[in-house]
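The chain contents come next:
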Amino acid sequence: MQDNKQTALSGIKPTGRLTLGNYIGALKNFPSFQEQYHPFIFIADLHALTLPIDPEELRQNTLDIAAFYLASGLDPEKSTIFLQSMVHEHSELATILQNYAYMGEMSRMTQFKDKSRNLNEKQIGLGLFTYPVLMAADIILYDTKVVPVGEDQKQHVELTRDLAIRFNHRYGDVFVVPEVSIPKTGKRIMSLSDPSKKMSKSDPKGDIFLKDDEKTIRKKIMSAVTDMESRVHYDCEKQPGISNLMTIYASLSSLTIEEVEAKFATSNYGTFKREVADLVCSVLIPFQERYRHFLEGDYIDKVLTKGAKEAQEVASKTLKRVKQAIGIYQVK
Ligand code: TYM
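Source: prediction; values computed, not measured. (Residues numbered from 1 in each chain as written. Predicted model: local features only at pLDDT ≥ 70, side-chain atom pairs only at ≥ 80, totals over all residues. Heavy atoms only, no water.)

Caption draft 1: Representation of the overall build of the protein. Within the protein, the secondary structure is distributed over 12 helices and 5 strands. For 332 residues, the compact-globule estimate of 2.2 N^0.38 gives 20 Å, and the protein sits close to it at 21 Å. Principal-axis analysis of the C-alpha atoms gives the protein an extent of 70 × 45 × 35 Å. Taking all 332 residues of the protein together, 51% fall into the buried category. Taking the contacts inside the protein whose residues are at least 6 apart along the sequence as the reference set, 77% of them involve residues at least 24 apart. Of the accessible surface of the protein, which amounts to about 16300 Å², a share of 51% is contributed by carbon and sulfur atoms. Here the protein contributes 43 positive and 43 negative side-chain charges, whose respective centroids are spaced 2 Å apart. (Helix = DSSP H or I, 4+ residues; strand = E, 2+ residues; numbered from the N terminus. Rg over C-alpha atoms; globule rule 2.2 N^0.38 Å. Buried < 20%, exposed > 50% of the residue type's maximum accessible area, 1.4 Å probe, protein only. Contact = heavy atoms within 4.5 Å. Areas by Shrake-Rupley, 256 points an atom, 1.4 Å probe, with all protein chains shown as cover. Lys, Arg positive; Asp, Glu negative; His and termini not counted. Charge placed at Lys NZ, Arg CZ, Asp CG, Glu CD.)

Below, the structure written as C-alpha cells:
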C-alpha cells in the first residue's frame, strides 16, 4: 500500500437507499482521486446507528455500498475500501477527540438540528449529537489531505479542521489539517418533487434511487416539478426544478451549465426531461449491472478484509502518535 501519495478520504452511511444525489455529489467523483491521491473510501456503518435502523437492513445496505463503490470504478489496488467498524481505531480516536470538542459548536451543527428537530429528548440518542466527532476521527486518522463530499457535509469537515488545529495548537503538529473538496456542479442535488429540499435517502417520489429500474427512473424524471417559464434556463430562485435537472444533466455529461443551456435553448420541457432521463438511464443501468456483478460470491468480503488491514496499518500509527502526545502510557 506504500504509494507515498497524499490521502483523499470519504465515506457513505449505510442508511436508507442511496440516491442520485449521493452518486453525483460523492460516489462518481471518488475514482477521479485515484491517480493523484490514495483514496481511503469507507462504509460509515457506525454512523448508521445514530438513528434507529433494522439490523438486516444495515447488513444489506453495507454490502450494497461496497458493491456501489466497486461499480463506480474504485479499484482495490489503487484505493483502500473498508468498513469503519472493522478498524477499531475510529472509535478509540473519537473517544479521545470528544474531549476537545465543545457542546456549543456541536449544537450548531445543521445536520444535528435538522435530524433532531422533530424528535423529543427521549428519541435523540447521544450518538446523533457526537456524530461529527466520530466523523473528525474518521478523517484525521489517515492524515487526510482532501475530503470529497457533497455540500451538506462541509460543516462537518470544517469542524474537523477546527478540532485538528485546536489539538495541534496544544500538542504540536500531530494531525494533518484536511481540506474539503466539493464538486463545482452537483454539490446539492434537490428533490424532484420539491426542489426546495435536498434529495435525501427518504423521499420515494422526489428521489431517484440507485437501484430504481429504468421505468421508474424515467417516470420520476418526466414528472419532476418544473415551472411555467417554459425555457431551459438556469435560475435557482425562479426555476429551481429546471435548474436542478440542468445540474443533473451537466454533472453526468461533464458539460457546463452554460453548455447545457445552449444545447437545449430551443427545447420544450418534455423534450429536455426525456434527454435527462436518457442520460440518467445510460449511466445508472450499466452501473447497476456492475453493482450486481460485484455482489456475487465472496469478492466483497475479500476487498473489505484487505481494506481493513491496510487502513489499520495507517490508523494504528496515528493513534499511537496521539496517545504519545497526550500522555497515555504505552507499554513497549
Ligand atoms: P451521507 O451518507 O449522508 O452521504 C454520502 C455522500 O453523499 C453526499 N450527498 C449529496 N450530494 C449532492 N446532493 C445531494 N442531494 C446529496 N445527498 C448526499 C454527501 O454530501 C456525502 O458526501 N457523514 C457522512 C458520512 C461520513 C463521512 C466521514 C464522509 C462519515 N465519516 C468522513 C466523509 C468523511 C454522511 O452521512 O454522508
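Caption draft 2: Seen up close, the layout of surface pockets. Roughly 1300 Å³ of internal volume is contained in the largest pocket. Lining the largest pocket are 46 residues, and of these Lys13, Gln111, Lys115, Asp152 and Lys198 lie nearest its centre. When residues of the lining of the largest pocket are traced back to their parent elements, those giving at least two are β1 (7–12), α1 (20–25), α5 (110–116), α6 (126–140) and α7 (154–171). Volume-wise, the second largest pocket comes out at about 350 Å³. Contributing to the lining of the second largest pocket are 16 residues, with Tyr234, Cys236, Ser243, Thr247 and Ile257 lying nearest its centre. Elements with a minimum of two residues in the lining of the second largest pocket: α9 (240–253) and α10 (257–263). Looking at side-chain class alone, the lining of the second largest pocket contains 6 nonpolar, 6 polar and 4 charged residues. (1 Å grid on protein atoms, 1.4 Å probe; cavity = no way out; pocket = protein on both sides within 12 Å on 5 of 7 lines; lining within 4 Å. Points joined across faces, edges and corners; volume = space filled by probe spheres on them. Nonpolar A, V, L, I, M, F, W, Y, C, P; charged D, E, K, R; others polar.)

Caption draft 3: Spotlight on empty space enclosed by the protein. Enumeration according to the criterion identifies 2 cavities of 30 Å³ or more in this entry. Roughly 50 Å³ of volume is contained in the largest cavity. Gln111, Phe112, Lys115, Leu128, Tyr131, Pro132 and His156 together form the lining of the largest cavity. Going through the elements one at a time, α5 and α6 are the ones with two or more residues in the lining of the largest cavity. Split into classes, the residues belonging to the lining of the largest cavity amount to 4 nonpolar, 2 polar and 1 charged. There is about 30 Å³ of room inside the second largest cavity. Elements supplying a minimum of two residues to the lining of the second largest cavity: β3 (80–83) and α12 (299–326). Tallied by class, residues from the lining of the second largest cavity come to 3 nonpolar, 3 polar and 2 charged.

Caption draft 4: Fine view of the pattern of salt bridges. One pass over the structure, following the stated rule, counts 16 salt bridges. Linking Glu105 and Arg166 is a salt bridge whose minimum nitrogen-to-oxygen distance equals 2.7 Å. In this pair, Glu105 is assigned in helix α4 (residues 103–107) and Arg166 in helix α7, connecting sequence segments 61 residues apart. Measuring nitrogen to oxygen at the nearest pair gives 2.8 Å for the salt bridge that ties Lys306 to Glu310. Of this pair, Lys306 and Glu310 both sit in helix α12, 4 residues apart, which is roughly one turn of the helix. Its relative accessible area of 30% is what places Lys306 among the partly exposed residues. On the accessibility criterion, Glu310 (12% relative accessible area) is buried. When salt bridges that share partners are traced, they join Glu151, Lys187 and Arg188 into one network. (Salt bridge = Lys/Arg side-chain N within 4 Å of Asp/Glu carboxyl O.)

Caption draft 5: Geometry of the environment of Gln36. On the secondary structure map, Gln36 appears in the loop between α1 and β2 (38–43). Sequence separation between Gln36 and Ser196 is 160 residues; the distance between their C-alpha atoms is 36 Å.

Caption draft 6: Representation of the site of the ligand in the model. With respect to spatial proximity, 28 residues lie near the ligand, and among them Tyr131, Asp138, Asp152, Ile189 and Lys201 are the closest. The side chain of Gln153 places a nitrogen or oxygen atom 3.0 Å from a nitrogen atom of the ligand. Separating a nitrogen atom of the ligand from a backbone N or O atom of Met199 is a distance of 2.9 Å. Burial of the ligand by the surrounding chains reaches 98%, relative to a free accessible area of 720 Å². One can see that the ligand is located within the largest pocket. (Near = heavy atom within 4 Å. Polar contact = N/O pair within 3.5 Å; in protein donor to acceptor, adjacent residues only side chain to side chain. Sits in = over half its atoms within 2 Å of the grid points.)

Caption draft 7: Summary view of the nonpolar core. If you look at the biggest cluster of nonpolar residues, it comprises 55 residues, and the most contacted ones within it are Leu27, Tyr69 and Ile248. Among the elements that line this core, the one with the most residues is helix α11 (residues 269–295), at 13 residues. The residue makeup of this core includes at least three contributed by each of domain 1 (7–184 + 298–326) and domain 2 (214–292). (Core = buried A, V, L, I, M, F, W, Y, C linked by side-chain atoms within 4.5 Å. Domains from an automatic or database assignment.)

Caption draft 8: Spotlight on the sheet that holds strand β5 (residues 179–181). Across the sheet, 5 strands lie side by side as β3-β2-β1-β4-β5; this open sheet has parallel pairing. Strands with a single pairing partner mark the edges of an open sheet, and in this sheet they are β3 and β5. On average, each strand axis in the sheet is inclined to that of its neighbour by 25 degrees, with strand direction left out of account. By the bridge criterion, 6 bridges tie β1 to β2 in an arrangement that is parallel. Looking at β2, one finds that Ile12 is bridged to Ile43. (Pairing = 2+ DSSP bridges. Axes fitted to C-alpha atoms, helices over the stretch in contact; angles between N-to-C directions.)

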